Amino acid sequence: MSAEPKVVENQPTSEVVAAPADAPAPAAEPAAQETSAKVETETTTAADVAPVAPVVADTPAVAAVAKEDVPTASEEPAKGNKEESPKEESPKEESPKEVVETPLDKFASRLAAIKEKTSYDEMWGITLSDLSHAPTAIVLQKFLRANNGDVALAEKQLTEALKWRKETNPAKLLDDKVYDRARFGDLGFVTVHKADDSKEEVITWNVYGSVKSNKATFGNIKEFIEWRAALMELGVRKLKLDEATAPIPEGAEDPYQLIQVHDYMSVSFFRLDPNVKSASRETIHVLSVAYPELLSHKYFVNVPAIMGWVFGAMKLFLAPATLRKFHPLTSGTSLASELKPFAATLPKEYGGSGPSVKEGLTVKLTDTPAPAEKAAKAAPAAEPAPATAEAEPTKPVETPEEAPKEAPKENARPAETIQAAEPKVEEPKAEEAATKDAGAEAIEETAKETKPETKPEAQPKPE
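Residues numbered from 1 in each chain as written. Predicted model: local features only at pLDDT ≥ 70, side-chain atom pairs only at ≥ 80, totals over all residues. Heavy atoms only, no water.

**A look at the packing of helix α5 (residues 111–118) against helix α7 (residues 151–168)**
The line we're drawing: Orientation is described by lines fitted to C-alpha atoms, with helices fitted over the stretch in contact, and by angles between N-to-C directions that extend from 0 to 180 degrees. Under the DSSP-based scheme used, a helix requires at least four consecutive residues in state H or I and a strand at least two consecutive residues in state E, with every element numbered from the N terminus. Two helices crossing with the near one rotated counterclockwise from the far one by less than a right angle form a left-handed crossing, whereas a clockwise rotation gives a right-handed crossing. In this analysis, two residues are considered to be in contact whenever any of their non-hydrogen atoms come within 4.5 Å of each other. Residues are grouped as follows: nonpolar covers Ala, Val, Leu, Ile, Met, Phe, Trp, Tyr, Cys and Pro; charged covers Asp, Glu, Lys and Arg; every other residue, Gly included, is treated as polar.
Two elements in contact, α5 and α7, have axes whose closest approach is 10 Å; the angle formed by their N-to-C orientations is 35 degrees. The handedness of the crossing between α5 and α7 comes out as right-handed. Residues L111, I114, K117 and T118 of α5 touch α7, and the partners they reach there are E155, L158, T159, L162, K163 and K166. Of the residues belonging to the contact of α5 with α7, the class tally is 4 nonpolar, 2 polar and 4 charged.

**Observations regarding the side chain of Q157**
This is how the line gets drawn: Pairs of N or O atoms are called polar contacts if they sit within 3.5 Å, as long as, within protein, a hydrogen donor faces a hydrogen acceptor (for residues adjacent in sequence, only side-chain-to-side-chain pairs).
Among the structural elements, Q157 can be located in helix α7. Of the polar contacts made by the side chain of Q157, one reaches the side chain of N147; its length is 2.9 Å. Once residues within four sequence positions are removed from consideration, Q157 is found in contact with F143, A146, N147, S288, V289 and P292.

**Quick word on the packing of aromatic side chains**
Cut-off, in case you're wondering: Any two rings among Phe, Tyr and Trp, with Trp reduced to its six-membered ring, count as a pair given centres within 6.5 Å; such a pair is stacked if its planes are under 30 degrees apart, edge-to-face if over 60, and tilted if neither. Three exposure classes are used, based on accessible area relative to the maximum for each residue type with a 1.4 Å probe and protein chains only: buried under 20%, partly exposed in between, and exposed over 50%.
Evaluation of the coordinates by the stated rule reveals 10 aromatic pairs. When the ring of Y264 is compared with that of F300, the centres are 6.5 Å apart and the planes differ by 10 degrees; the resulting orientation is stacked. Linking Y264 in the loop between β6 (258–263) and α12 (274–290) with F300 in strand β7 (residues 295–301), this pair joins segments that are 36 residues apart in sequence. The same class applies to Y264 and to F300, which are both buried.

**Structural notes on the sheet that holds strand β4 (residues 188–194)**
Put simply, the rule reads: Only strands joined by at least two bridges in the DSSP assignment are considered to pair.
Strand order in this open sheet of 5 strands is β4-β5-β6-β7-β8, and the pairing throughout is mixed. Strand pairing shows two members of the sheet lacking a second neighbour, β4 and β8 (326–328), which therefore form its edges. Shown here is a sheet whose adjacent strand axes are inclined to one another by a mean of 20 degrees, direction ignored.

**Describing the pairing of β4**
The buried fraction of β4 is high, at 5 of 7 residues. Here 7 bridges tie β4 to strand β5 (residues 200–207), and the two strands are oriented antiparallel to one another. Within the sheet, the bridge partner assigned to K194 lies in β5 and is E200. Connecting β4 to the antiparallel partner β5 that follows it, the hairpin turn spans 5 residues, and S198 within it adopts a positive phi of roughly 70 degrees.

**Describing the nonpolar core**
As a reminder of what qualifies: The set of buried Ala, Val, Leu, Ile, Met, Phe, Trp, Tyr and Cys residues whose side-chain atoms join them within 4.5 Å is what this entry labels a nonpolar core. By convention here, the domain bounds are inherited from an automatic or database domain assignment.
Judged by nonpolar contacts, the single largest core of 54 residues is most densely connected at F107, M123, W124, F143, L158 and Y291. Counting residues per element, the ones that place at least two in this core are α4 (103–109), α5, α6 (134–146), α7, α8 (170–175), α11 (221–237) and α12. The dominant element in this core, judged by the number of residues it contributes, is α11, at 10 residues. Per-domain counts for this core show at least three residues from each of domain 1 (103–168) and domain 2 (171–366). Those residues in contact with F107 that lie beyond four places of it in its chain are I114, L140, F143, L144, V151, A154, E155 and L158. Among the nonpolar cores identified, the runner-up in size contains 18 residues, and A195, V207, F342 and L346 belong to it.

**Brief notes about α12**
Here is the rule we go by: A helix's residues, less one, multiplied by 1.5 Å, set its expected span.
End to end, α12 covers 24 Å across 17 residues, agreeing with the expected 24 Å (1.5 Å per residue, within 8%). When we look at burial in α12, the residues that qualify are V276, A279, S280, E282, T283, I284, V286, L287, S288, V289 and A290.

**Quick look at the packing of α11 against α12**
Rule in force here: Orientation categories follow fixed angle ranges, with anything under 35 degrees roughly parallel, anything over 145 roughly antiparallel, 65 to 115 roughly perpendicular, and all other angles oblique.
The contact between α11 and α12 brings their axes to 10 Å, and the two run at 40 degrees. Considered as vectors, α11 and α12 are oriented oblique to each other. Between α11 and α12 lies a crossing of right-handed hand. Contacts from I221, F224, I225, R228 and M232 in α11 reach S278, A279, E282, T283, V286 and L287 in α12.

**Description of the confidence of the model for the protein chain**
Basically, it comes down to this: As a per-residue quantity, pLDDT reports the predictor's confidence and falls between 0 and 100.
Per-residue pLDDT for the protein chain has a mean of 72; in total, 56% of the residues score no lower than 70. Predicted confidence for residues 7–70 stays below pLDDT 50, and this span has 16 contacts to residues more than four positions away or in other chains. Long-range and interchain partners of residues 381–442, a stretch whose pLDDT sits below 50, account for 47 contacts in this model, where long-range means more than four residues apart.

Structure follows, in structure tokens:
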């Protein structure tokens, strides 16, 4: 009888191997070779085909070869990660080397040269140093903002401002100089108000309706500029720039600015006076050069309605940024509705419940004339003394006594008419012209006309 073939149970059904029972042992080697070839072909496609049933236990050599020659899926990506990781980190180390210099940095780098050129380093009570000093940084920011970030223009303006402060010394004009009350009394004040958020607001007031004599107030341009600069210096001090601890954030609103109010109550706008016009133009130049970016808003109150067309025309040539600061009001009491956060503390003349503006801070005033005026008045009285000394030896000449007896009757009447006519003619001109050009000064100052004719031609005229 022939022996029935035996089926190997551990092999897949598609790989059934038949072997006779009495077959010699070497006959099994071809079968092993075939199975090894099949295992190799199957292992090469292990990543794409699902794993097959385990190999028969009596083929360990084949299994060992398969494990050694075929890498696992977990090993291949690991090698790839090790090779690519250094390439990703190398470019990151080079990027921080690029540093952008801001206009403020450039301006600050020029500060030492500016101070050396002017031999002066004080601005608004601050000793200029570097950007680590917050008040210095704020000063530089203001000059940059006034020139739209142009470093060259900001440097030029700061140089001019430092030269002017060195020559004029406005701090001394405020602290030491005393001004004539008859000329500058009730003309300018500074008040401080607290808003609802506890923020302090500083207001400077120019009450042009208080001008008593156009010639007395504006006739001497130099003294008027000194008074105006002293008042501005007083307002800037109340901003407390020297106490700042941080510069103005980039693109943020400047918190170190004051509000200015021009009051035109009882002011005529129909005549121009050369003295006021010259003084106003010089004021425009000084304030725009030496005090940039210090006004947040400017209010013109008690402006006659007939002047509305003038302010309307200003919109045609003023920059939008300037127009936003420009607020003409026909009534002074309307100011409270414009400044609502601290309206209750405003002076009562302007719609608030606070004390009168005349109780505000101002420059030092005196009722006595200045020493120069005293000397001018005393000089004519001293002149007759030598005449009497020379007349003593010539006593026989007594004929002039007869002439005065008849002369007074004829000369007395004309003298009275001249004395009466002078005040009547001059005072109306002064009153009408005084505040018209005060209005022109305010309008021109708002428009920032920084190139006026600043050479005073009126100085030789007083002779």
